[in-house]
Amino acid sequence: MPEMSIHEPTNIIYTGVAGTGKTYQLLQIAQQYTDYLPRANDADLLAQLLQTLSWRDVVCLIFLDFHSEKQDLIKVPEIVNHEFFVAKAAQNAREKNLSNTAWSVLQMHSPSSSKTVTYKNRASQAYFDKDHSGAWYLLPESMDLLSNLAQQLAEFQQAQRDNTASQYQAFSEQRFSMVSFHQAYGYEEFVEGIRPVMAASGHVSHRSETGNSQAQMSYAIQDGAFLKLCQRAARDPKRRYAMLIDEINRANVSRVFGELLSLIEADKRAGMANAMSVNLAYSGRAFSVPANVDIYATMNTQDHSLAPLDMALRRRFRFIDCPPKPELLPIITAVGNAKQSLEDRQTSETIDLAKLLTGLNKRITQALGAEAQLGHAFLFNVQHLAQLQTVLAEQIIPQLAQAAGGQVAILQYVFRDEPQPMKAQFIQDSQAQISDHVYDEINHQTNDMTTSQLFSGHNAFLGQSINTGSYRINADLIERTGEFATLSVYQRLY
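On a predicted model such as this, the values are computed, not experimentally measured, just so you know. (Residues numbered from 1 in each chain as written. Predicted model: local features only at pLDDT ≥ 70, side-chain atom pairs only at ≥ 80, totals over all residues. Heavy atoms only, no water.)

**Observations concerning the overall build of the chain**
In terms of helices and strands, the chain carries 20 helices and 17 strands. For the chain, buried positions account for 46% of its 494 residues. Taking the intrachain contacts of the chain between residues at least 6 apart in sequence as the baseline, contacts between residues at least 24 apart amount to 69%. Of the roughly 25000 Å² of accessible surface on the chain, 51% is carried by carbon and sulfur atoms. (Helix = DSSP H or I, 4+ residues; strand = E, 2+ residues; numbered from the N terminus. Buried < 20%, exposed > 50% of the residue type's maximum accessible area, 1.4 Å probe, protein only. Contact = heavy atoms within 4.5 Å. Areas by Shrake-Rupley, 256 points an atom, 1.4 Å probe, with all protein chains shown as cover.)

Written out as structure tokens, the structure reads:
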């Protein structure tokens, strides 16, 4: 855990291969920027919950609340009458056109592929869609984006349940903002940008329950996640705030940060020795990054576009390596032969996942380089043989096959398959299997064609197979039968 300093800004990037706990590290850091505050009543609880949330967040929160009550299809009147929506409207001193606000949020954040929503001014991220009955629902793929909101809702609901038991029930206040970068993420989401907003009262067209008519939209400059956090930090200089960025290498960092790429340097923060400020690109406002804002990020070293990113960020961030930690992995046990000695049973009845990962990574490093190693997270939750078989067949082998370009020789070296009979190989050479099939077929052909004629077509086919670098996962591993029902085949990976 990084130490919290009162004055010195912290810029850290956690680097490592996939599955080494980098995102988990961010979640642990988030706890350091979370305060648990007393509250007086349910109204205060609700006000604290909604204070920093946008209309989109409020609508998402309502869907999560209905989801906790086993209701996933919601119509607009249910949204508008929900206590979260009513309380947010009161906070914003809004009384009119509340249904229009709900419709605008829902349609703006619907997917472009929707069969039921026709809307031009969609946001880049979709959260909702509508069925043919006019009921709305959360898109399954949006649930991962709402983990922070779900946590806030859970804490709010728990605080409500305990309200009568204690006058000073703890409630969390988050002094951090967490985002995940992706290819389409830009300056507009992170700093500021021009986005569609609902037109002023009296200029919104009528909308029916089916939502066919659309509100008139206007455009305004809106603050992004980092700018909002900096504004909060500037108003509260005695406490530290954190920007948490998952997968910083997935976006174009220069485009996302823009002119702020220089301002995030520790000595160029507001109040520091070489303090700098700039005029923001859209609003033209003078801006500098507060010294009490820390930035933590994760970076996957397996990404192939890191060179320019590394050059841009190396002197602005401390880089902390997150290597695989096989020592965190369990030992799988199995029922063995009761006639064996205790020592023999201890050896034959267990699979040491730490040794298995260490052995795989040693050979992966030799064949593919250190950046192709496997993180311990792949095996962290494996508790029995069936889970190990699934992880190998569905996660580990496909990832290594991609890293190896499907080259059978490399994959067989990693899994120590070369000296093994085909039935015991994790990775089988489909080329060899095709060859055997071809020769069997030839033996059953009539003598009407010459041998050269028979081989001519098959050679062309075999040539194509070689070029594709085809490989095959042993069907017995997938079916959990044959050699792969025993533990010894996995112990050889040590």
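From this point, the narrative continues.
**Regarding the environment of Ala354**
Within the secondary structure, Ala354 sits in helix 14 (residues 353-368). Look at Ala354 and you get buried, because its relative accessible area is 17%. In this structure the C-alpha to C-alpha distance between Ala354 and Pro326, which are 28 residues apart in sequence, comes to 4.5 Å. Setting aside chain neighbours within four positions, we find Ala354 in contact with Pro326, Leu329 and Pro330.

**A word on unusual backbone geometry**
Even without being glycine, Ala93 reaches a positive phi, approximately 55 degrees. One can find Ala93 in the loop between helix 5 (83-91) and helix 6 (98-108). Owing to a relative accessible area of 67%, Ala93 belongs among the exposed residues under this scheme. Unlike most non-glycine residues, Asn97 shows phi in positive territory, near 55 degrees. In this structure, Asn97 sits in the loop between helix 5 and helix 6.

**A closer look at the sheet that holds strand 13 (residues 318-321)**
If you trace the 5 strands from one edge of the open sheet to the other, you get 6-9-12-1-13, paired in parallel fashion. A strand with exactly one partner marks an edge of an open sheet, and here the two such strands are strand 6 (176-180) and strand 13. Direction aside, the axes of adjacent strands within the sheet are offset by 20 degrees on average. Bridge count between strand 1 (residues 11-16) and strand 12 (residues 293-300): 6 bridges; the pairing is parallel. Directly across from Ile13, in strand 12, lies its bridge partner Ala297. (Pairing = 2+ DSSP bridges. Axes fitted to C-alpha atoms, helices over the stretch in contact; angles between N-to-C directions.)

**Concerning the pattern of salt bridges**
Throughout the structure, instances matching the rule amount to 15 salt bridges. Between Arg239 and Asp35 there is a salt bridge, with its nearest N and O atoms 2.6 Å apart. Of the two residues, Arg239 sits in the loop between helix 9 (225-235) and strand 9 (241-246) while Asp35 sits in strand 2 (residues 34-37), which places them 204 residues apart along the sequence. The salt bridge partner of Asp223 is Arg285, with a shortest N-O separation of 2.7 Å. Within this pair, whereas Asp223 is found in strand 8 (residues 217-223), its partner Arg285 is found in the loop between strand 10 (278-279) and strand 11 (286-287), the two being separated by 62 residues in sequence. Taking relative accessible area as the criterion, Arg285 reaches 34% and is therefore assigned partly exposed. A network of salt bridges, in which partner residues are shared, links Asp35, Glu173, Arg175, Asp236 and Arg239. (Salt bridge = Lys/Arg side-chain N within 4 Å of Asp/Glu carboxyl O.)

**Regarding the side chain of Asp35**
Residue classification places Asp35 among the buried positions, given a relative accessible area of 16%. Here the side chain of Asp35 touches Arg175 through a polar contact of 2.7 Å, side chain to side chain. (Polar contact = N/O pair within 3.5 Å; in protein donor to acceptor, adjacent residues only side chain to side chain.)

**So, the pairing of strand 1**
In the case of a regular strand, side chains alternate between the two sheet surfaces. Most of strand 1 is tucked away: 6 of the 6 residues are buried. Alternating residues of strand 1 divide into Asn11, Ile13 and Thr15 and Ile12, Tyr14 and Gly16, and every residue in both groups is buried.

**Digging into the confidence of the model for the chain**
The pLDDT averaged across the chain works out to 81; a share of 79% of its residues lies at or above 70. Counting interchain partners and residues more than four positions distant, the pLDDT-below-50 stretch residues 1-5 has 14 contacts. A low-confidence stretch, residues 434-468 (pLDDT under 50), is modelled with 16 contacts involving residues beyond four sequence positions or located in other chains. (pLDDT = per-residue confidence, 0-100.)

**Considering the packing of aromatic side chains**
Summed over the entire model, instances satisfying the criterion amount to 16 aromatic pairs. When the ring of Tyr127 is compared with that of Phe128, the centres are 6.1 Å apart and the planes differ by 40 degrees; the resulting orientation is tilted. Residue Tyr127 shares its accessibility class with Phe128, and that shared class is buried. On the basis of an interplanar angle of 70 degrees and a centroid distance of 5.9 Å, the ring pair of Phe426 and Tyr490 is categorised as edge-to-face. (Phe/Tyr/Trp six-rings, centres within 6.5 Å; stacked < 30°, edge-to-face > 60°.)

**Let's talk about the environment of Leu477**
Within the fold, Leu477 resides in helix 19 (residues 475-479). Spatially, the C-alpha atoms of Leu477 and Lys423 are 9.8 Å apart, while their sequence positions differ by 54 residues. Sequence-distant contacts of Leu477, defined by excluding residues within four places in its chain, comprise Gln389, Leu392, Ala393, Ile397, Phe426, Phe484 and Tyr490.

**Re the nonpolar core**
Among soluble globular proteins, nonpolar side chains are generally buried collectively. One finds Leu50, Phe63, Phe84, Phe85 and Phe128 to be the most contacted residues of the largest nonpolar core, which totals 40 residues. Every element with two or more residues in this core is listed here: helix 2 (42-50), helix 3 (55-68), helix 4 (76-80), helix 5, helix 6, strand 4 (136-138) and helix 7 (147-161). Top contributing element to this core by residue count: helix 3, with 9 residues. For Phe84, the contacting residues outside a window of four places in its chain are Leu46, Leu49, Leu50, Val58, Leu61, Ile62, Asp65, Leu153 and Phe156. Core analysis: the next-biggest nonpolar cluster, separate from the first, contains 36 residues, Leu356, Ala393, Phe484 and Val489 among them. (Core = buried A, V, L, I, M, F, W, Y, C linked by side-chain atoms within 4.5 Å.)

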